[in-house]
Amino acid sequence: MLIKTAKFVISATDYKKCPKSQLPEYAFIGRSNVGKSSLINMLTNHSHLAKTSGKPGKTITINHFLINENWYLVDLPGYGYAKASKTRKIEIAGIIEQYLQLRENLACVFVLIDIRHEALFNDLQFMEWLGEQEIPFVIIFTKADKLSANQVAAAVEKYKIAMLETWETMPQHFVTSAETKLGKEDVLNFIGETNTSLKK
Ligand code: GTP
Ligand code: MG
């Protein structure tokens, strides 16, 4: 799929302030610093559409980007940012949870996982929760440029083993790098196909 236009629409502090829309949207979620904002920029060919930072906790609002006037990408705050206060963490978790449960045009959640990390309890727990809520999601491994191709394959295999402890099959997944643009076509094609299937 070709990205013709990508526009920032609004930063919302909760789901009620998100744009009223029937257009399908795809939300990026994962731990702080996993590369959510960078991946949005990579997919849309913009270097600064979504704000990125070496410091975790940069994104603290629900940010909508309108793509091709036809669908949205949504940058969510990271979860598990250790340095945020406990109150702030609970507040952010509440914002995310409400958004995910109540946003009617949410087509799919992209759960981002740093390819270099072992399967972490709160990521696994989060995906279980998505499953229970029947919220569709796919896994996107990020920062593949930090490993060799063999290491990437081994890391995905290891993650699969951890997932199969609770899941019958490994959910659909993509390997990406915001640096090398690896996985760009795969993710965009997935969005294109999902958009088409939603129109039927
Ligand atoms: P929060 O908004 O804080 O939750 O973070 P985020 O998940 O949006 O991460 P962000 O995109 O801001 O990236 C965090 C850091 O990781 C930045 O320093 C990025 O340059 C770096 N980064 C993100 N993606 C990649 C990647 O694919 N490869 C490499 N090498 N670095 C990456
Ligand atoms: Mg961010």
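One can find the structure itself at the top, above this paragraph.
Nothing here was measured: the structure is a model prediction, and the numbers come from that model.

S.K.: How should the side chain of Asn195 be read in this particular structure?
M.R.: One can find Asn195 in helix α5 (residues 184-199). A polar contact of 2.7 Å, which involves the side chain of Asn195, links it to the side chain of Tyr26. Contact partners of Asn195, with chain neighbours within four places excluded, come to Met1, Pro24, Tyr26 and Trp71.

S.K.: What am I meant to see in the sheet that holds strand β7 (residues 173-175) here?
M.R.: Pairing between sheet strands relies on hydrogen bonds along the backbone, with the strands arranged either parallel or antiparallel. The mixed open sheet is built from seven strands, whose spatial order is β1-β3-β4-β2-β5-β6-β7. One side of each edge strand has no neighbouring strand; the edge strands of this open sheet are β1 (6-12) and β7. Averaged over all neighbouring strand pairs, the angle between strand axes comes to 25°, with direction disregarded. Inspection of the sheet shows strand β6 (residues 137-142) paired to β7 by three bridges, in the parallel sense. Paired with Ile139 across the bridge in β7 is His173. Seen against the sheet, α5 touches β2 (25-30), β4 (71-75), β5 (106-114), β6 and β7 and runs at an angle of roughly 160° to β5.

S.K.: Help me out: how do you make sense of the environment of Phe141 in this one?
M.R.: Here Phe141 is to be found in strand β6. A C-alpha to C-alpha distance of 26 Å links Phe141 and Glu104, two positions 37 residues apart in sequence. If we ignore the near neighbours within four places in the chain, the residues touching Phe141 are Ile113, Ile115, Val156, Tyr159, Met170, His173, Phe174, Val175 and Thr176.

S.K.: Hey, could you run me through the state of the cysteines in this one?
M.R.: In protein chemistry, a disulfide is the covalent bond that joins the sulfur atoms of two cysteines. For the structure shown, the criterion picks out zero disulfides. Free of any disulfide, Cys18 has its nearest cysteine sulfur in Cys108, 17 Å distant. Accessibility expressed as a relative area gives 4% for Cys108, which makes it buried.

S.K.: Got a minute to help me understand the packing of helix α2 (residues 86-102) against helix α3 (residues 121-132) in this structure?
M.R.: In a pair of packed helices, the angle between the axes and the distance between the axes together describe the arrangement. In contact at an axis separation of 11 Å, α2 and α3 are set at 30° when each is read in the N-to-C sense. In terms of their interaxial angle, α2 and α3 are classed as roughly parallel. Crossing of α2 over α3 shows right-handed handedness. Residues Glu97, Leu100 and Gln101 of α2 form the contact with α3, whose own contacting residues are Phe126, Trp129 and Leu130. Considering only residue class, the contact of α2 with α3 consists of four nonpolar, one polar and one charged.

S.K.: It is not clear to me how unusual backbone geometry should be interpreted in this structure. Could you clarify?
M.R.: Trans peptide bonds make up the majority, and among non-glycine residues the majority have a negative phi. Non-glycine residue Asn33 carries a positive phi angle of around 80°. Within the element layout of this structure, Asn33 appears in the loop between β2 and α1 (36-44). The phi angle at Lys181 is positive, at roughly 70°, despite the residue not being glycine. Tracing the sequence through the fold places Lys181 in the loop between β7 and α5.

The rules behind these values
Residues numbered from 1 in each chain as written. Chains lettered and ligands numbered in written order. Predicted model: local features only at pLDDT ≥ 70, side-chain atom pairs only at ≥ 80, totals over all residues. Heavy atoms only, no water. Helix = DSSP H or I, 4+ residues; strand = E, 2+ residues; numbered from the N terminus. Polar contact = N/O pair within 3.5 Å; in protein donor to acceptor, adjacent residues only side chain to side chain. Contact = heavy atoms within 4.5 Å. Pairing = 2+ DSSP bridges. Axes fitted to C-alpha atoms, helices over the stretch in contact; angles between N-to-C directions. Disulfide = S-S within 2.5 Å. Buried < 20%, exposed > 50% of the residue type's maximum accessible area, 1.4 Å probe, protein only. Parallel < 35°, antiparallel > 145°, perpendicular 65-115°, else oblique. Left-handed = near helix turned anticlockwise from the far one by under 90°. Nonpolar A, V, L, I, M, F, W, Y, C, P; charged D, E, K, R; others polar.

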